[in-house]
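Close look at the chain arrangement
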Amino acid sequence: MAELGVVMNGVTGRMGYRQHLVRSVLAINAEGGVVLADGSKVRLRPVLVGRSEAKLKELAAKHDVADWTTDLDAALADPANTIYFDAQITQARVEATKKAIAAGKHVYCEKPTAETSAEALELAATAEAAGVKNGVVQDKLFLPGLLKLKRLIDGGFFGRILSIRGEFGYWVFEGDWQAAQRPSWNYRAEDGGGIVLDMFPHWAYVLENLFGSVTSVYAHVTTHIPERWDERGQAYRASADDAAYAVFELDGGAVAQINSSWAVRVNRDELVEFQVDGTHGSAVAGLRDCRVQHRSATPKPVWNPDLPATARFRDGWQEVPDNAEFDNGFKVQWERFVRHVADDEPFPYTLRSGARGVLLAELGLKSAAEGRRMAVSS
Ligand SMILES: NC(=O)c1ccc[n+]([C@@H]2O[C@H](COP(=O)([O-])OP(=O)(O)OC[C@H]3O[C@@H](n4cnc5c(N)ncnc54)[C@H](O)[C@@H]3O)[C@@H](O)[C@H]2O)c1
């Protein structure tokens, strides 16, 4: 059976470990590999790379992974390793990925692909010039809730789409009286943190793939919680933004308004929800579920503050059925990237599309700093 060596850098991190190593690469192998067009299967041989020998050794032993090293160059020098994957902190991504490209590896990266759009575009151009296959994680596209939304769009449910309202966020503990549930570098601008750089790349590909590319952005960006406590219990200044209130105009005329916040308490069904309103119907999609209301079932509320609400508005929505089995979104995208490498199957989630996400984040921050709407050219 065919086997691809996959150098996995950053596997001791939250995303690298749980979603990419355990839920994707090891899960794919547990199923016998990725099925190619001719029906054959290709297995993945992970080579764990990181900075801490102790952590790598422990991870390798726990999951029965034979290959691990703290020497990235050595892993890249092995011709049996075909793919390089990067889930390190954002700041470390460009240098390591460029090394992998120079070594002739196909490269697959977490988002954001770089801290600035200039670097992200250069990284994309470097991969293209070297002729290696390249990709960026765009996991939200493969979530059941968004797949159902896409199905509704493709089925013409909405009529003309007017607006999208996205609400993303939850309370991230400051770290003093309860430990924070996200890494502290996320809250330091000097370490590549910030909710705009983290989330706008997601919003860019979600909007572009479902509704139309972004033509302008206006954002109000702030740091609501200025002091936090890190993994060691040390107080630090949160220099990065932790909330962004943004309006995106889209090609085709729809407007998307998305709030992203790590300083909000959840009163929703899911940690992210998108409400889409169209002339013929509306939908609210989360990570898993999606509810709809057709124009024919739309109530006619009349504004009268003197009377209590007469209807339970949320009861008038209908659940969209699964009608399919949904696998882990990260795994589905890994399988597609492997088929892109092994089978030349088309893969639109390229480093160049990742660079559009970084550009949107950069323009969002610029909009906030200058207090004006920024045009986004594609
Ligand atoms: N696709 C998604 O939904 C999603 C979600 C969260 C994070 N991410 C992205 O994944 C990447 C990793 O995020 P995470 O939450 O797993 O972070 P994390 O802090 O948990 O992990 C970071 C990893 O980078 C490694 N690293 C390399 N150089 C480092 C340095 N100088 N300092 C600290 N760590 C260093 C760490 O050892 C660790 O393996 C980020 O780029 C982030 O934007 C993507």
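About the cut-offs
Residues numbered from 1 in each chain as written. Predicted model: local features only at pLDDT ≥ 70, side-chain atom pairs only at ≥ 80, totals over all residues. Core = buried A, V, L, I, M, F, W, Y, C linked by C-beta atoms within 7 Å. Buried ≥ 20, exposed ≤ 12 C-beta atoms within 10 Å, placed from the backbone. Helix = DSSP H or I, 4+ residues; strand = E, 2+ residues; numbered from the N terminus. Domains from an automatic or database assignment. Contact = placed C-beta atoms within 7 Å. Pairing = 2+ DSSP bridges. Axes fitted to C-alpha atoms, helices over the stretch in contact; angles between N-to-C directions. Near = placed C-beta within 6 Å. Expected span 1.5 Å × (residues − 1). Right-handed = clockwise from strand over helix to strand, strands pointing away. UniProt positions renumbered as here; feature names shortened; annotations may be inferred. Nonpolar A, V, L, I, M, F, W, Y, C, P; charged D, E, K, R; others polar.

A word on the nonpolar core
By size, the foremost hydrophobic cluster in this structure holds 98 residues, and its most contacted members are V7, M8, L48, L149, V196, L207 and L360. If you tally residues by element for this core, the top one is helix α7 (residues 195–210), at 11 residues. Mapping this core onto the domain boundaries places at least three of its residues in each of domain 1 (2–138 + 329–349) and domain 2 (141–326 + 359–370). Apart from residues lying up to four places away in sequence, V196 is in contact with A219, V221, D241, A244, A361, G364 and L365.

Section: the sheet that holds strand β17 (residues 318–319)
The strand order across the open sheet built from nine strands is β17-β16-β15-β14-β8-β13-β12-β9-β18, with neighbouring strands paired in mixed fashion. One side of each edge strand has no neighbouring strand; the edge strands of this open sheet are β17 and β18 (374–375). Pairing between strand β14 (residues 272–278) and strand β15 (residues 281–285): four bridges, direction antiparallel. Bridging from a neighbouring strand, V276 pairs with A283 of β15. Running at roughly 165° to β15, helix α6 (residues 144–154) makes contact with β14, β15 and β16 (290–294) of the sheet.

Some remarks on the site of the ligand
By nearness alone, 20 residues border the ligand, and G13, R14, M15, Q88 and P183 come closest of all. Among the elements that make up the shell around the ligand, the one with the highest residue count is helix α1 (residues 14–30) (three residues).

Concerning α7
Compared with an ideal rise of 1.5 Å per residue, which puts 16 residues at 22 Å, α7 spans 22 Å between its outermost C-alpha atoms and is within 8% of the ideal. The buried count for α7 comes to 15 of 16 residues, which makes it a mostly enclosed element.

Quick notes on the pairing of strand β6 (residues 106–109)
Burial along β6 is two-sided: H106 and Y108 and V107 and C109, pointing in opposite directions, are all buried. Where strand β5 (residues 81–86) meets β6, four bridges bridge the pair, whose relative direction is parallel. The residue bridging D86 from the neighbouring strand is C109, located in β6. For the crossover that starts at β5, traverses helix α4 (residues 93–102) and ends in the parallel β6, the hand is right-handed.

Things to note about the UniProt feature "domain: GFO/IDH/MocA-like oxidoreductase" (unreviewed entry) in the protein
Taken from the UniProt record, the annotation "domain: GFO/IDH/MocA-like oxidoreductase" (unreviewed entry) applies to residues 147–283. As annotated, residues 147–283 has a helix share of 18% and a strand share of 36%, and its two end C-alpha atoms lie 13 Å apart.

Some details on the domain arrangement of the protein
Domain boundaries in the protein define domain 1 (2–138 + 329–349) and domain 2 (141–326 + 359–370). Between domain 1 and domain 2, the C-alpha centre-to-centre distance is 28 Å. Opposite the 13 residues of domain 1 that make contact, domain 2 presents 14 residues. Counting residues per element, the side of domain 1 that touches domain 2 draws most heavily on helix α8 (residues 329–343), which supplies three residues. A per-class count over the side of domain 1 that touches domain 2 returns three nonpolar, seven polar and three charged.

Quick notes on α4
Residues of α4 that are buried: R93, V94, A96, T97, A100 and I101. Residues of α4 that are buried make contact with β1 (2–9), α3 (72–77), β5, β6 and α5 (117–130). Two residues or fewer past α4, G104 is found with a positive phi of approximately 85°.

Digging into the environment of T215
As for its placement among the helices and strands, T215 is situated in strand β9 (residues 214–222). In this structure the C-alpha to C-alpha distance between T215 and L143, which are 72 residues apart in sequence, comes to 25 Å. Leave out the neighbours within four places in its chain, and T215 touches E249, L250, D251, A375 and V376.

With respect to unusual backbone geometry
For the bond from K111 to P112, the omega torsion is -20°, close enough to zero to count as cis. Inspection of the secondary structure puts P112 in the loop between β6 and α5. Backbone geometry at N323 places phi at a positive 55°, although glycine is not the residue there. With respect to the element layout, N323 can be found in the loop between β17 and α8. In the Ramachandran plot, D344 falls in the positive-phi region, its phi being about 65° despite a non-glycine side chain. Turning to its location among the elements, D344 is positioned in the loop between α8 and α9 (351–370).

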